[in-house]
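Fold and geometry: a report
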Amino acid sequence: MNAGLLIIILLLGLALLGFPIYIALGIGALAALNLADLPLIVLPQRMFAGMNGSALLAIPFFILAGNIMSRSITGKLIDICNAIIGHIKGSLSLVTILASALFGAISGSGVATASAIGGITIPAMKREGYPAPFAVGVASISSILGPIIPPSIVLIVYASITNVSVAELFLGSVLPGIILAVALIAYGLYYGHKHNLPAHEKPNLRKIGSSVRKGIWALLMPIIILGGIFGGIFTPTEASAVAVVYSLIISLFVYKDMSFKELPQVFVEGAVSTATIMVMVGLSSASSYVITTSGLPQQLVSFFSSITNSPVVILLLLNILFLIIGMLMEANAAVVMMTPILLPLLNAFGIDLLQFGIVMSFNLCIGLVTPPVGLCLLLCNQTGETRLSHSLKAMMPMLLISIIVLFLITYVSPLTTLLPSIMAG
Amino acid sequence: GCGGGGGDSGGDGTGAEYTWRMALNGSAPGELGYDMATFFKEKVEELTSGRVSIEFYGGNSLGSTTEVLEGMAAGVADITCESVGTLAPFTNLANIDIMPYIYNGYDHFQAVWGGELGQEILDTVGNDSGFKLMGAGYRGARIVTATKEMKTVEDFAGFKLRSPNLEGYIKVWEWMGSAPTPLAMGETYTALQQGTVDGQENSILDSQSYSFQEVCPYWILTNHVYSANTIIMDKAYFESLPEDIQSALEEAAVYAGEQIGQEVLEREDAAKEELTAEGVTFVDVDNAAFTEHFSGYAEANFPDLADWCNQIRALAPNA
Amino acid sequence: MLRGYSKFLDVLEKVEKAILAVTVGIMVIIIAYQVIMRYIFAHANSWSEELARYLFIYDVMIGAAIAIRRNSHLQIDILINLMKPKVRTILTIIATLAGMVFMVFLLSYSITLVQTGARTMSAGLGIPMSIPYSCMPVGIVLMLLTSIEVLFKNISALRGAGKEAQV
Ligand code: NA
Ligand code: NA
């Protein structure tokens, strides 16, 4: 049996049986190295090397910065959005979308966005008489803006496997993020009018002014992080460390909602959640060694070439595949497992790795709200205390909107490549 | 180690006695290490009448250079083609490969590496690090591509330049008074565009392959480093091979080094024409002034290499 | 027996957490220092980023052990959630055992890696690679120690007939 095939079968089989993914990756690599008579030192060596990338250092830092900031700024972001668009019918759902997008420009994770924003706006929407399933649906779908709008941990993981520039991936996902946010807001407007959802009083400049003044430190953060990266001041890793320092200063000294005593705990939690992603990243590097030497990717390429020679068809097939994978798997795990297998195929079909990374990440982020494994949907559902089938039904139009945007960015490549290439002068 | 790798298999259908995995940086023809390896592979298979078969694993698919070298004794890869300088983690002497301003041109480079001194360097680096080094392939002198025109040593003061994250390269630019910025190669193009750095240094051919002409209108012919590619195997494994195979490998490596040197000269000429047509300005600098500026460099930074540097300088054709 | 072992792991985890808290803090400081040096003093160094990276990988290996205790490693649990608690516990035991087999192999070759690393110097700090590589055997031993606890907790849950495993 081909060693590459063995690894894939073991990986998928064991993962489906509920083995932790890192163990499935490890057992798969171990068995395949044995089968192919390859030296086992590859295992620890590649695992170490896979984790030894400077871009990966940004993962714990972005997680930390997001965790630290979420305490102080969530309420303030929501107040700002409320002051500006509170007079529109169904304003709270629009606030949820907008605040999630703003939060996404600070945090790199969907679950963090769902708990930070949805945790506050779902109960608020219910209090104002919004249908609970709609409240859960809008908060769930908004939370995927967290990892889609840069910074994004999924994109950092993808960058570490493919050597595509993190800065370019971040830049390329700005437009997709904005398009999705605008499309969701449009739906929110429509829904608010159709169901005659409540509005608040007219906006008043003084209220806007005071909420912006209170939240100004939070609003500055995306400017520092993304402006710093896109302006060429920091590398993404440096920007992430600056974000931690900035958020610590704001939380400890300006908003004073965190004490030094809490620091160790915050650091430890950031490190442990990073570790669960990183062991998989490391071990995927070991399995990609086996897959490469097995010749399987070439067979995959010739198989697909026998079906089609069109990148359009390949991208369609891959998008469907990822939507299915996204139902079952967490996004980072999926990127780690699939990217090494697909790289030779992408190269053979001349598919741009920058655009593909953004499309793949967008697709797998949709998986955060698709059952059965949809962490953000489940989380919001708990907050809203609704039946999953009801919130899923309420979310369905918004899910379809997300999938339409996905195909838009798949086939209209300037949406992902224009900004990076403008930067390229 | 585990006894020199899992290379000797006969049952793979090629009919070869030895089937070796060759780890390469480049993934396709056109990359110099890849092309030198191709010359080598064809010559070896010819000289051994097919007893040795070599399979390429490009694009670092067997691991990064350091991983491949580290795992070679265990059989992660059987053979590789890399610059002599990549052995620096194993022996300080390998830094001779990145010493600035010790050559004055291609002929000087060939005089060193085609002669006894070059062989002595290969043997000493190999013995110190546990590898067998064979042949030396010219890679083209390293130059600086920049967003502004630079001419003199003084122009380089405070110049922000991308350098590999290696002490040996950083020291060169600190000696120049520049501000070296270690960056991954993948981030360099963007960094140049955004002005995070004002230049980068590489050979003309490598710089062209990264399309730096799109962001750097000035290519400063500093020719600061002449580095050599070489064929590398695990030393113990090499010595366990029959003598006729050993000598075939050495002969093929020397042949590959000579062939690639000629190719590089031709390709550099063609590249200069293309790049000029694309609007690149090649800036000649006073190499004597730069060489003078670096006269005490080895003594100050790599004292144990100073003697080797002097021996190399002594072989300058017009000295 | 198991309770005593768990107490031992509790103490160990406190030490691990202290190490994580301190090293994460150091990582932030190192990278911030690097930014300041580069942009204010235009001075690059080759050690800071490398040091932060090696601390980071050490933290990953330690954090991975803590994550085993918390059962927070990523997994696909849809299929097993459909199964009876007893079958689920058995599968957890098998997965844990498989993980331990993998870790034992990984441990023995990590030790080889540390030995190999003794003759290689790191590019930035100029330290033997054995030092950063040591995070592999150290982390794997910690992971094995926590896996043993998970294993026995599940086995005793299996014995306590019908009751669901509480990991
Ligand atoms: Na984000
Ligand atoms: Na899902």
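All values reported here derive from a predicted model rather than from experimental measurement.

Notes on a nonpolar patch on the surface
Residue and element names in this part refer to chain A.
- On the surface, Val-312, Val-313, Leu-316, Leu-317, Ile-320, Ile-324, Leu-408, Tyr-411 and Val-412 cluster together into a nonpolar patch covering about 690 Å² of accessible area.
- Looking at the nonpolar patch, the elements with two or more residues in it are α16 (311–328) and α20 (388–411).
- In terms of residue count, α16 provides more of the nonpolar patch than any other element does, six residues in total.
- The residue Val-312 is located in helix α16 in this model.

Section: the coordination of the sodium ion (ligand 1)
Residues and elements named next belong to chain A.
- Around the sodium ion (ligand 1), the donor atoms from the protein are Gly-104 (O), Ser-107 (O), Gly-146 (O), Ile-149 (O) and Pro-151 (O), and they sit 2.1 to 2.3 Å away.
- Motif for the sodium ion (ligand 1), donor spacing along one chain: G-x2-S-x38-G-x2-I-x1-P. Taken together, the positions of Gly-104 in helix α5 (residues 91–104) and Gly-146 in helix α8 (residues 145–148) put the pair 42 residues apart, joining distant regions of the chain. Residue Gly-104 shares its accessibility class with Gly-146, and that shared class is buried.

Structural notes on the interface of chain C and chain A
- Between chain C and chain A, the contact holds 55 residues from the first and 57 residues from the second.
- Between chain C and chain A lies a buried interface of about 4900 Å² when both sides are counted; carbon and sulfur atoms form 82% of it.
- For the interface between chain C and chain A, the tally reads one salt bridge.
- For Arg-70 of chain C, the salt bridge is made with Glu-269 of chain A, and the minimal N-O distance between the two is 2.8 Å.
- Linking chain C to chain A there are six residue pairs in polar contact (both at pLDDT 80 or more).

Considerations on the coordination of the sodium ion (ligand 2)
All names here are of chain A.
- Protein coordination at the sodium ion (ligand 2): the donors are Gly-326 (O), Met-327 (O), Gly-367 (O), Thr-370 (O), Thr-370 (OG1) and Val-373 (O), at 2.0 to 3.1 Å from the metal.
- Geometry at the sodium ion (ligand 2) is irregular, judged from the six donor atoms that bind it and their angles of 68 to 166° at the metal.
- Site description for the sodium ion (ligand 2): donor spacing in sequence, G-M-x39-G-x2-T-x2-V.
- Exposure remark for Gly-326: the relative accessible area of 0% places this residue in the buried category.

Comments concerning α20 of chain A
- For α20 of chain A, which comprises 24 residues, the first-to-last C-alpha distance of 32 Å matches the rise-based estimate of 34 Å (1.5 Å per residue) to within 8%.
- Met-396 of chain A marks the point of greatest bend in α20 of chain A, at about 45°, and the proline Pro-397 of chain A comes within the next four residues.

Here's the deal with the nonpolar core
- By size, the foremost hydrophobic cluster in this structure holds 322 residues, and its most contacted members are Phe-356 of chain A together with Trp-20, Phe-40, Trp-113 and Leu-249 of chain B.
- In terms of residue count, the dominant contributor to this core is helix α14 (residues 263–294) of chain A (17 residues).

Focus on the confidence of the model for chain B
- Counting all residues, the mean pLDDT for chain B is 91, and 95% of those residues have values of 70 or more.
- Predicted confidence for residues 1–12 of chain B stays below pLDDT 50, and this span has 22 contacts to residues more than four positions away or in other chains.

What to know about the interface of chain B and chain A
- Facing 20 residues of chain B, the contacting portion of chain A comprises 23 residues.
- Between chain B and chain A, roughly 1600 Å² of surface is buried when both sides are summed, and carbon and sulfur atoms account for 52% of that area.
- Considering only the surface of chain B that becomes buried against chain A, Glu-67, Glu-187 and Gln-194 of chain B emerge as the three largest contributors, covering 29% of it.
- Its salt-bridge partner being Glu-67 of chain B, residue Arg-46 of chain A comes within 3.2 Å of it at the nearest N-O pair.
- There are seven residue pairs in polar contact (both at pLDDT 80 or more) connecting chain B and chain A.
- Broken down by secondary-structure element, the contributors of at least two residues to the side of chain B that touches chain A are α2 (65–71) and α6 (185–194) of chain B.

Let's talk about the UniProt feature "transmembrane region" (unreviewed entry) in chain C
All names here are of chain C.
- The positions that UniProt labels "transmembrane region" (unreviewed entry) are, in the present scheme, residues 20–39, 51–68, 89–111 and 131–152.
- Overall, residues 20–39 shows 100% helix and 0% strand. The separation of its end C-alpha atoms is 29 Å.
- Counting secondary structure, residues 89–111 comes out at 100% helix and 0% strand; the distance between its end C-alpha atoms is 33 Å.

Some details on the pattern of salt bridges
- For the structure shown, the criterion picks out 20 salt bridges over all chains.
- Glu-46 of chain B is paired through a salt bridge with Lys-43 of chain B; the nearest N and O atoms lie 3.8 Å apart. Separated by three residues within a single helix, Glu-46 of chain B and Lys-43 of chain B lie in helix α1 (residues 32–47), roughly one turn from each other.
- By relative accessible area, Glu-46 of chain B is classed as exposed at 54%.
- Among the charged side chains, a network of salt bridges with common partners joins Asp-10, Glu-13, Lys-17, Arg-69, Glu-149 and Lys-153 of chain C.

Describing the side chain of Thr-65 of chain B
- Here Thr-65 of chain B shows up in helix α2.
- Filtering out sequence-adjacent residues up to four positions away, Thr-65 of chain B remains in contact with Asn-25, Asn-60, Glu-82 and Thr-86 of chain B.

Here's the deal with the pairing of strand β10 (residues 228–234) of chain B
All names here are of chain B.
- Most of β10 is tucked away: seven of the seven residues are buried.
- Burial of the side chains of β10 extends over both faces: Ala-228, Thr-230, Ile-232 and Asp-234 are buried on one face and Asn-229, Ile-231 and Met-233 on the other.
- Bridge count between strand β3 (residues 79–83) and β10: five bridges; the pairing is antiparallel. Among the inter-strand pairings, Ile-79 is bridged to a residue of β10, identified as Met-233.
- Bridging between strand β4 (residues 131–138) and β10 involves six bridges; their strand directions are antiparallel. Looking at β10, one finds that Gly-137 is bridged to Asn-229.

Examining the packing of aromatic side chains
All names here are of chain B.
- Enumeration according to the criterion identifies 34 aromatic pairs over all chains in this entry.
- Taking the centre distance of 5.4 Å and the plane angle of 80° together, the rings of Phe-156 and Phe-159 count as edge-to-face.
- The exposure class of Phe-159 is buried, given its relative accessible area of 2%.
- Its guanidinium or amino end placed over the ring of Tyr-255, Lys-43 lies 4.5 Å from that ring's centre, counting from NZ or CZ.

Quick look at a negative patch on the surface
- A surface patch of negative charge is lined by Glu-214, Glu-266, Asp-269, Glu-273, Glu-274 and Glu-278 of chain B.
- Within the fold, Glu-273 of chain B resides in helix α9 (residues 243–277).

What to know about helix α12 (residues 205–230) of chain A
Residue and element names in this part refer to chain A.
- For α12, spanning 26 residues, the distance from its first C-alpha to its last is only 32 Å, which falls clearly below the expected 38 Å at 1.5 Å a residue.
- Roughly 60° is the biggest bend found in α12, and it falls at Gly-215.
- At the exit of α12 stands Gly-232, carrying a positive phi of roughly 75°.

Focus: the sheet that holds strand β8 (residues 199–203) of chain B
All names here are of chain B.
- Here six strands make up an open sheet; going across it, the order is β7-β6-β8-β5-β9-β11 and the pairing mixed. Pairing within the sheet leaves two strands with one partner each, and these edge strands are β7 (179–182) and β11 (281–284). With direction set aside, neighbouring strand axes in the sheet form an average angle of 35°.
- Sheet topology note: the strand β6 (residues 160–163)/β8 ladder contains two bridges and is parallel. Looking across to β8, one finds that Arg-162 is bridged to Gln-200.
- Sheet contacts for α6: β6 and β8; angle to β8, the most-contacted strand, approximately 135°.

With respect to the state of the cysteines
- In this structure the tally under the stated criterion is zero disulfides over all chains.
- This cysteine, Cys-81 of chain A, is not joined by any disulfide, and Cys-380 of chain A carries the nearest cysteine sulfur, 16 Å off.

What counts and what doesn't
- Residues numbered from 1 in each chain as written.
- Chains lettered and ligands numbered in written order.
- Predicted model: local features only at pLDDT ≥ 70, side-chain atom pairs only at ≥ 80, totals over all residues.
- Heavy atoms only, no water.
- Patch = residues over 30% accessible without salt bridge, like charges linked within 9 Å, V, L, I, M, F, W, Y side chains within 5 Å.
- Areas by Shrake-Rupley, 256 points an atom, 1.4 Å probe, with all protein chains shown as cover.
- Salt bridge = Lys/Arg side-chain N within 4 Å of Asp/Glu carboxyl O.
- Helix = DSSP H or I, 4+ residues; strand = E, 2+ residues; numbered from the N terminus.
- Donors = N, O, S within 2.8 Å, 3.2 Å for Na, K, Ca; no water.
- Buried < 20%, exposed > 50% of the residue type's maximum accessible area, 1.4 Å probe, protein only.
- Contact = heavy atoms within 4.5 Å.
- Buried area = accessible area lost by both parts, 1.4 Å probe.
- Polar contact = N/O pair within 3.5 Å; in protein donor to acceptor, adjacent residues only side chain to side chain.
- Tetrahedral: all angles 85-135°; square planar, octahedral: opposite > 155°, others 65-115°.
- Expected span 1.5 Å × (residues − 1).
- Bend = angle between axes of the 7 residues up to and from the residue.
- Core = buried A, V, L, I, M, F, W, Y, C linked by side-chain atoms within 4.5 Å.
- pLDDT = per-residue confidence, 0-100.
- UniProt positions renumbered as here; feature names shortened; annotations may be inferred.
- Pairing = 2+ DSSP bridges.
- Phe/Tyr/Trp six-rings, centres within 6.5 Å; stacked < 30°, edge-to-face > 60°.
- Lys NZ or Arg CZ within 6 Å of the ring centre and 35° of its normal.
- Lys, Arg positive; Asp, Glu negative; His and termini not counted.
- Charge placed at Lys NZ, Arg CZ, Asp CG, Glu CD.
- Axes fitted to C-alpha atoms, helices over the stretch in contact; angles between N-to-C directions.
- Disulfide = S-S within 2.5 Å.

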